[in-house]
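Here is how the chains run, residue by residue.
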6 protein chains.
Amino acid sequence: MTRADGRQNDELRPITITRGWLDHAAGSVLVEFGRTRVLCAASATEGVPRWRKGSGLGWVTAEYAMLPASTNTRSDRESVKGRIGGRTHEISRLIGRSLRAVIDYKALGENTIVLDCDVLQADGGTRTAAITGAYVALADAVAHLKGRGALTGDPLLGSVAAVSVGIIDGEPRLDLPYEEDVRAETDMNVVMTGDGRYIEVQGTAEGAPFDRPLLDGLLGLAEKGCADLTAIQRTALAG
Amino acid sequence: MTRADGRQNDELRPITITRGWLDHAAGSVLVEFGRTRVLCAASATEGVPRWRKGSGLGWVTAEYAMLPASTNTRSDRESVKGRIGGRTHEISRLIGRSLRAVIDYKALGENTIVLDCDVLQADGGTRTAAITGAYVALADAVAHLKGRGALTGDPLLGSVAAVSVGIIDGEPRLDLPYEEDVRAETDMNVVMTGDGRYIEVQGTAEGAPFDRPLLDGLLGLAEKGCADLTAIQRTALAG
Amino acid sequence: MTRADGRQNDELRPITITRGWLDHAAGSVLVEFGRTRVLCAASATEGVPRWRKGSGLGWVTAEYAMLPASTNTRSDRESVKGRIGGRTHEISRLIGRSLRAVIDYKALGENTIVLDCDVLQADGGTRTAAITGAYVALADAVAHLKGRGALTGDPLLGSVAAVSVGIIDGEPRLDLPYEEDVRAETDMNVVMTGDGRYIEVQGTAEGAPFDRPLLDGLLGLAEKGCADLTAIQRTALAG
Amino acid sequence: MTRADGRQNDELRPITITRGWLDHAAGSVLVEFGRTRVLCAASATEGVPRWRKGSGLGWVTAEYAMLPASTNTRSDRESVKGRIGGRTHEISRLIGRSLRAVIDYKALGENTIVLDCDVLQADGGTRTAAITGAYVALADAVAHLKGRGALTGDPLLGSVAAVSVGIIDGEPRLDLPYEEDVRAETDMNVVMTGDGRYIEVQGTAEGAPFDRPLLDGLLGLAEKGCADLTAIQRTALAG
Amino acid sequence: MTRADGRQNDELRPITITRGWLDHAAGSVLVEFGRTRVLCAASATEGVPRWRKGSGLGWVTAEYAMLPASTNTRSDRESVKGRIGGRTHEISRLIGRSLRAVIDYKALGENTIVLDCDVLQADGGTRTAAITGAYVALADAVAHLKGRGALTGDPLLGSVAAVSVGIIDGEPRLDLPYEEDVRAETDMNVVMTGDGRYIEVQGTAEGAPFDRPLLDGLLGLAEKGCADLTAIQRTALAG
Amino acid sequence: MTRADGRQNDELRPITITRGWLDHAAGSVLVEFGRTRVLCAASATEGVPRWRKGSGLGWVTAEYAMLPASTNTRSDRESVKGRIGGRTHEISRLIGRSLRAVIDYKALGENTIVLDCDVLQADGGTRTAAITGAYVALADAVAHLKGRGALTGDPLLGSVAAVSVGIIDGEPRLDLPYEEDVRAETDMNVVMTGDGRYIEVQGTAEGAPFDRPLLDGLLGLAEKGCADLTAIQRTALAG
């Protein structure tokens, strides 16, 4: 008994990572998790925010947004509404935090890298695709800074990948598309380093609360998914 | 080797739950986790938001905010800044989601309960104190609606409590005050039902990424803390 | 023929002033005028706003706000609405102006004191309670600055208290609770110094315009009320 | 010892009221108090705000604003800043309240009249000029509605005029221009009906607090000024 | 076959330019194109925006707005709505660009001139009246700066005038009032220098797309109108 | 003497139109003018804005925006700034107006089509690329509505294409990339129908004002460019 798209429960959707999708940004990636398509651009600038000036330390931050037509039904622009919604805020913060976990601020020096993750098409897992793609764009931006002689050391302490897992009809499944996501009783996003340690765990009971064994099952599935994504990132960066 | 305030690693701060702190609200609680002090008010109104009208189902939502002088250094008002910050959005959403996990919308009928959680004094763990106190205010509001004959069934499917756990100097600790929170390598907030199931798990590596055994240790500590808080809630509601 | 709560027309509600209600603020007071309950916190910081830098003069300002559940029917948060309403602006400005009337800016030096007056429960007279309580918090903050050696002279030129008066059924009454306030034909707020001089008079015909004898009667009643409040403030500060 | 502009202390500046300054509005007045110049336009529309629908009662409201170049030094537009300042809010509310004091809502029926008071040039007393001019525009709008057969009774219960008074160098003076206003120790705005009753009294100690005899002196001066303005309004409306 | 107001197709409405309408601004003009009435004020300040500091070059900018009662039906204030609409933005930018076309930034030195164009009454052609009047206010402000010795050279490279043209019932017409504007199939605004060169051409098919001969006809008519306006400006400035 | 990219003065950059770039939208196009890359999505919904309800007429509107990393130097998000800039407003309005010029509202019935034009990469001419691509997305959306039986007639009265022209070093050139755009003395955007009529002409003197012969030269070049783009659109739609 397989899933609607024929995958096994512990199988990722087809993952594509296209580097250098933009001409200007220091690093840019079009990442696809099935039909979910996110453009991740890393812009590097000299200098850091005011509260960090003179510290000798760099900064990495992220902004996430969805294009209006990326969803099944068109959604209003946050610029038109004049305010950013809670979900957008939450995901932007999550992406920034996840990438900072593998950054050595000292080696980055007083440089700032902003990761813009714009969802061109949404089919579930946009935040995990964004983190996974943003890491690759970040790595390219770091290489770009190195190439320009702007860095002395290596600010990347490791790699980062993220995946969603959930319980559908009582079964733990990896990398949920939209149609599974809306039906999930429990939904969890996990961000991990390339060497298998946790950066972030966010699990939510959408339906009934879940018990510890179920939680343990989801964590195991996420570990597998992040390991697979790490391998794909490595291949992309080697390309 | 104990903590600055003399507690054991698996010990909560002194917890106080004062019901009926306001005269108007259907339920109101002043909850204290040590020096953290949150006023939780449950306002019940007939009717539901537009998108839910005619469904026969109720709605529960929450808004979290901090008074400017609640923190060590005065913080600016979000009303003056004209926009709500990401952290506030995130916590408001978390509180609402946590309480909705134990609500039977059908039994609530087309009534809305809004939980306002205003931090009067902040010393770490404001979101977990807010959830723990808001549940008690919610229970009082539900009793108030029942007393008015506005409900036929019982919309409360269980109780909810929340606690923070973290790793300080390599040791897992329960219910972090501000001075421990800023030093924590990993910080996790856990929301659980009174019968020991998970509603929400949010763990973040503030310093180095954490491995699975450490994660398991934190989860165990949180289970203990939530069980203790559940007992305190029961006593308060029996009072 | 007495009032609904049994008071004489020239009698204040029970007044409570609790100092030191918060741990962090330089001065903090929970002030109660009957069921009206306002938390007044004075935060002192070195430095002054940009337009005043280098003048050698200090600054005192205030921000007033109501918690959503403080009123009979829950009111929306101004932070959520994204803008501050006219009434809030008006009262914040009144409180600031009232306190500045007794401040010697030179003796304060280039320090700023912000008074946050947050209404926890509203039952009429919130602005006059806020001014009366804020003065006590301000006095504590000044003492705190003196204790830290941050001041050379004494910036307090006097004390400030405020009270509402109104005409109900043709009779002048002191310190109106909400149920009298909504029925008042004329409503007046008076701010006075401890030695009986006027800082601010704001009288409004809610119903029919009023004549001079009625105005004179209200002023006399307010003078009596402010004198009583001044005595209560002195006792509180001596405690 | 006279004033800089040669007036007696109880003398108004030259007052000009030009009716019908605009072609579209139901009533429009360019009012001048010396160099202060305010355009008051009354727009009448059928219907009332939502909260008043079906009541059979009308509504009158006002909006005050200053053009950027109306002041000595250009001030920023509130539309550009994206928010209305406290002073603007306060004055808009004052104008609306003052006019509503002489309106019989029932006779107005479910019609709304909005008074726009835009300061073209500011030289002190803009709010009192606005109220004085707005009353005339309102009277014209009411006549316009009557002419169209939109009213059965007469919604105007009386007339309204307003003036500022203040203490300069210890002397009470009437109708302060900007250069006196900035030097005033006490500043008071008084709104009165044509038959000499009070609608609003707002007195503020800008410098030292003031005593009762001084307050009484200011009230007497304001009564004289409002009576003079009432006569000018009558002449204008008879023209 | 003439127009509703009796004009020939290539005839302007009666044009009035009243200089010195305000006491404070460096230059101020009340410009009237028939019943359209715009107050143009030029405020000069030392210094330039941050991005231009130290360049030795000046800056000229403009802000356009409509008073709520200027239109047939009252329109809401943009300050109350909290955001500036697209049309307002567009016209403000057009006015600024048009005036900058005849400014020698170097001769202006590091001074800024802001042109505020506030529509007091709107009857079509408000943007072209604003540009035509703003040029005269600008010329007065430049003369004012010269008089103060703030300028060494002459920053005005020429004069600017603007006019609207359109196709009504298949006929090209000059300077459209509101009633013609709403019926126009094609609407064009043209900004020209006093010596007959183009600064800006903005033509829009409101109804059917237009062909090249029609476009050429409109351009010819606009050239005639701008020449007439230039003559009127010269007369006004000579007055 | 050719251009930096080797083109003739009357030659377009390589133009690519990729239809069906998104899975959800009724029509979607990735349009490329050289390195300028715009995603145009047409979302169709039943119903029209409130002011048009019951008219039997449809509506077409557009929103333009740039991704932060689309420009050479990263630009801030308008959603983060909380307001839409004047340029964005202006271009959104231009695109909407241009498309509405070829729409028969009656044949569209009470349906709304929103065109979202998001610039993924900017290298000059983003607004003209957006209009050219949006027309194709609109045509696909109309076909989609027809396929669903939602339309009776054909709402498309013609096709629309747009191109920029400018004067560089005294020479008129077609379709300016960014490096030419910033150097242009005069910049003009022209929107035309497929049968060679004008919808919109917007010409601006960036440097010196321009004379009529130069204007005529630019119009001729634009006519040639729009004809070329129309042919490319036809080929794309036939594909």
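Thresholds, definitions, all that
Residues numbered from 1 in each chain as written. Chains lettered and ligands numbered in written order. Predicted model: local features only at pLDDT ≥ 70, side-chain atom pairs only at ≥ 80, totals over all residues. Heavy atoms only, no water. Helix = DSSP H or I, 4+ residues; strand = E, 2+ residues; numbered from the N terminus. Rg over C-alpha atoms; globule rule 2.2 N^0.38 Å. Contact = heavy atoms within 4.5 Å. Areas by Shrake-Rupley, 256 points an atom, 1.4 Å probe, with all protein chains shown as cover. Patch = residues over 30% accessible without salt bridge, like charges linked within 9 Å, V, L, I, M, F, W, Y side chains within 5 Å. Salt bridge = Lys/Arg side-chain N within 4 Å of Asp/Glu carboxyl O. Lys, Arg positive; Asp, Glu negative; His and termini not counted. Charge placed at Lys NZ, Arg CZ, Asp CG, Glu CD. Buried < 20%, exposed > 50% of the residue type's maximum accessible area, 1.4 Å probe, protein only. Least-squares fit on C-alpha atoms with pLDDT ≥ 70 in both. Buried area = accessible area lost by both parts, 1.4 Å probe. Polar contact = N/O pair within 3.5 Å; in protein donor to acceptor, adjacent residues only side chain to side chain. Nonpolar A, V, L, I, M, F, W, Y, C, P; charged D, E, K, R; others polar. Pairing = 2+ DSSP bridges. Expected span 1.5 Å × (residues − 1). Axes fitted to C-alpha atoms, helices over the stretch in contact; angles between N-to-C directions. 1 Å grid on protein atoms, 1.4 Å probe; cavity = no way out; pocket = protein on both sides within 12 Å on 5 of 7 lines; lining within 4 Å. Points joined across faces, edges and corners; volume = space filled by probe spheres on them. UniProt positions renumbered as here; feature names shortened; annotations may be inferred. Left-handed = near helix turned anticlockwise from the far one by under 90°.

**Q** How do you make sense of the overall build of chain A when you look at a structure like this?
**A** Within chain A one finds six helices and nine strands. Computed over its C-alpha atoms, the radius of gyration of chain A comes to 18 Å, within 12% of the 18 Å expected for a compact globule of 239 residues. A separation of at least 24 residues holds for 68% of the contacts in chain A among residues at least 6 apart in sequence. Carbon and sulfur atoms form 49% of the exposed surface of chain A, whose accessible area is close to 8,700 Å².

**Q** Help me out: how do you make sense of a positive patch on the surface in this one?
**A** On the surface, Arg50(A), Lys53(A), Arg50(C), Lys53(C), Arg50(E) and Lys53(E) cluster together to form a positively charged patch. Looking at the element boundaries, Arg50(C) is found in the loop between β3 (36-46) and β4 (59-66). Residue classification places Arg50(C) among the exposed residues on the basis of a relative accessible area of 75%.

**Q** I'm lost on the relation of the copies chain B and chain A in this one. Help?
**A** One copy of the chain maps onto the other through a rotation about an axis followed by a shift along the same axis. The operation relating chain B to chain A is a screw motion whose rotation component is 180 degrees, with 0.0 Å of axial translation and a residual RMSD of 0.0 Å. Here the two chains are linked by the operation of a two-fold rotation axis. When each C-alpha of chain B is compared by its distance to the rotation axis, Gln202(B) comes out closest, at 2.3 Å. A high fraction, 100%, of the interface residues of chain B reappear at the interface in chain A, so the copies pair face to face through one surface.

**Q** Just to check I follow, could you spell out the arrangement of the chains for this structure?
**A** When C-alpha atoms are compared, chain A and chain D, though not in contact, are closest at a spacing of 11 Å. As for chain F relative to chain C, no contact occurs, and the smallest C-alpha gap between them is 11 Å.

**Q** How do you make sense of the interface of chain B and chain A when you look at a structure like this?
**A** Listed per partner, the contact involves 28 residues of chain B and 28 residues of chain A. Buried area between chain B and chain A, both sides added, is near 2,600 Å², and the carbon and sulfur share of it is 51%. Ranking the residues of chain B by area buried against chain A places Tyr198(B), Pro209(B) and Arg212(B) at the top, with a combined share of 23%. Across the contact surface, chain B and chain A share six salt bridges. The interface formed by chain B and chain A contains 13 residue pairs in polar contact (both at pLDDT 80 or more). Residue assignment for the side of chain B that touches chain A shows that the elements contributing at least two residues are α2 (86-100), β9 (198-205) and α6 (212-238) of chain B. With eight residues, the top contributor of residues to the side of chain B that touches chain A is β9(B). For the side of chain B that touches chain A, a count of residues per class yields ten nonpolar, eight polar and ten charged. For strand β9 (residues 198-205) of chain A and β9(B), the ladder comprises five bridges, and the chain directions are antiparallel. Bridge pairing in β9(B) links Val201(A) to Gly203(B).

**Q** It is not clear to me how helix α2 (residues 86-100) of chain A should be interpreted in this structure. Could you clarify?
**A** Every α-helix winds through 3.6 residues per turn, so residues three or four apart in the chain are directed the same way. All names here are of chain A. Along its 15 residues, α2 runs 21 Å from first to last C-alpha, staying within 8% of the 21 Å computed at 1.5 Å per residue. Judged by how many residues are buried, α2 sits mostly within the fold: twelve of 15 residues are covered. Of all the positions in α2, only Gly86, Thr88, His89, Glu90, Ile91, Ser92, Leu94, Ile95, Gly96, Arg97, Ser98 and Leu99 are classed as buried.

**Q** I'm lost on the sheet that holds strand β1 (residues 15-19) of chain F in this one. Help?
**A** The strands that make up a sheet pair up through hydrogen bonds in the backbone, lying either parallel or antiparallel. Residues and elements named next belong to chain F. The strand order across the open sheet formed by five strands is β1-β2-β3-β5-β4, and the pairing between neighbours is mixed. The two strands at the open ends of the sheet, each matched to only one other strand, are β1 and β4 (59-66). Between one strand axis and the next, the sheet turns by 15 degrees as a mean value, whatever way the strands run. Across eight bridges, β4 lies against strand β5 (residues 111-121) in parallel orientation. Counterpart to Glu63 in the pairing with β5 is Asp116. Contacting β4 and β5, helix α2 (residues 86-100) crosses the sheet at an angle of about 145 degrees to β4. With respect to the sheet, helix α6 (residues 212-238) is in contact with β1 and β2 (27-33), its orientation differing from that of β1 by roughly 30 degrees.

**Q** Even after reading the chapter, I still don't get empty space enclosed by the protein, so can you show me in this structure?
**A** Vacant regions in the atomic arrangement are exposed by a probe of water-molecule size rolled over the atoms. Overall, the coordinates contain six cavities of 30 Å³ or more when judged by the stated rule. Put simply, the largest cavity is a space of about 50 Å³. Lining the largest cavity, in full, are Leu22(D), Leu39(D), Ala41(D), Asp116(D), Asp118(D), Leu67(E), Pro68(E), Ala69(E), Ser70(E) and Leu120(E). Elements with a minimum of two residues in the lining of the largest cavity: β3 (36-46) and β5 (111-121) of chain D. Residues that form the lining of the largest cavity fall into these classes: seven nonpolar, one polar and two charged.

**Q** Before we go on, may I ask you to explain the pattern of salt bridges in this structure?
**A** Scanning the model with the defined rule gives 156 salt bridges over all chains in all. For Asp154(B), the salt bridge is made with Lys146(B), and the minimal N-O distance between the two is 3.4 Å. Taking the relative accessible area as the measure of exposure, Asp154(B) reaches 40% and is therefore partly exposed. Each of Asp5(A), Arg7(A), Arg13(A), Arg35(A), Asp123(A), Asp175(A) and Asp23(F) takes part in a single network of salt bridges with overlapping partners.

**Q** Help me understand the side chain of Thr204(D), please; the structure alone is not making it clear to me.
**A** Tracing the chain through its elements places Thr204(D) in strand β9 (residues 198-205). Here Glu200(C) takes part through its side chain, which lies 3.0 Å from a polar atom of the side chain of Thr204(D). Once you skip the residues sitting within four places of it in the chain, Thr204(D) turns out to touch Arg97(C), Ile199(C), Glu200(C), Glu185(D), Thr186(D), Asp187(D) and Phe210(D).

**Q** Explain the UniProt feature "domain: Exoribonuclease phosphorolytic" (unreviewed entry) in chain A here, please?
**A** All names here are of chain A. When the UniProt feature table is mapped to this numbering, "domain: Exoribonuclease phosphorolytic" (unreviewed entry) covers residues 11-141 and 159-224. In residues 11-141, the share of helix is 30% and the share of strand is 32%. The end C-alpha atoms are 30 Å apart. Secondary structure over residues 159-224 splits into 26% helix and 44% strand, and the C-alpha atoms at its two ends are 15 Å apart.

**Q** Sorry if this is basic, but what is going on with the packing of helix α4 (residues 126-147) of chain B against α6(B) here?
**A** Think of two packed helices as two axes; the pair is described by the angle between the axes and how far apart they sit. All names here are of chain B. Relative to each other, α4 and α6 sit at 30 degrees, their axes nearing to 11 Å. The hand of the α4/α6 crossing is right-handed. Taking contact as the criterion, the partners of Thr132, Tyr135, Val136, Ala139 and Asp140 in α4 are, on α6, Leu229, Gln233 and Leu237. Taken together, the residues that form the contact of α4 with α6 break down as five nonpolar, two polar and one charged.

**Q** Sorry if this is basic, but what is going on with the environment of Asp104(E) here?
**A** Residues and elements named next belong to chain E. Inspection of the secondary structure assignment puts Asp104 in the loop between α2 (86-100) and α3 (105-108). Judged by relative accessible area, Asp104 falls into the partly exposed class, the value being 27%. For the pair Asp104 and His144, spaced 40 residues apart in sequence, the C-alpha separation works out to 17 Å. Apart from residues lying up to four places away in sequence, Asp104 is in contact with Asp154, Pro155 and Leu157. For Asp104, the side chain forms a polar contact with the main-chain nitrogen of Lys106, separated by 3.0 Å.

**Q** Sorry if this is basic, but what is going on with the UniProt feature "binding site: phosphate" (unreviewed entry) in chain A here?
**A** With numbering aligned to this structure, UniProt lists the feature "binding site: phosphate" (unreviewed entry) at Arg87(A), Gly125(A), Thr126(A) and Arg127(A). What stands out for the annotated residues spanning 41 residues is how close their C-alpha atoms remain, the widest pair being 13.5 Å apart. Its place among the elements puts Arg87(A) in helix α2. Residue contacts for Arg87(A): discarding those within four places in its chain leaves Tyr64(A), Met66(A), Thr126(A), Arg127(A) and Arg93(B). Side chain to side chain, Arg87(A) and Tyr64(A) meet in a polar contact 3.1 Å long.

**Q** Would you take a moment to explain the side chain of Thr230(B) for this structure?
**A** With respect to the element layout, Thr230(B) can be found in helix α6. Since its relative accessible area comes to 3%, Thr230(B) is described here as buried.

**Q** For this particular structure, what's the right way to read the environment of Val191(C)?
**A** Residue and element names in this part refer to chain C. Looking at where Val191 falls in the secondary structure, it is placed in strand β8 (residues 186-193). Using a relative accessible area of 2% as the deciding quantity, one classes Val191 as buried. Each C-alpha atom, one on Val191 and one on Gly82, is 31 Å from the other, the two residues being 109 residues apart in sequence. In contact with Val191, not counting residues within four places along its chain, are Leu94, Ser98, Ile131, Val160, Ala161, Ala162, Arg197, Tyr198, Ile199 and Glu200.

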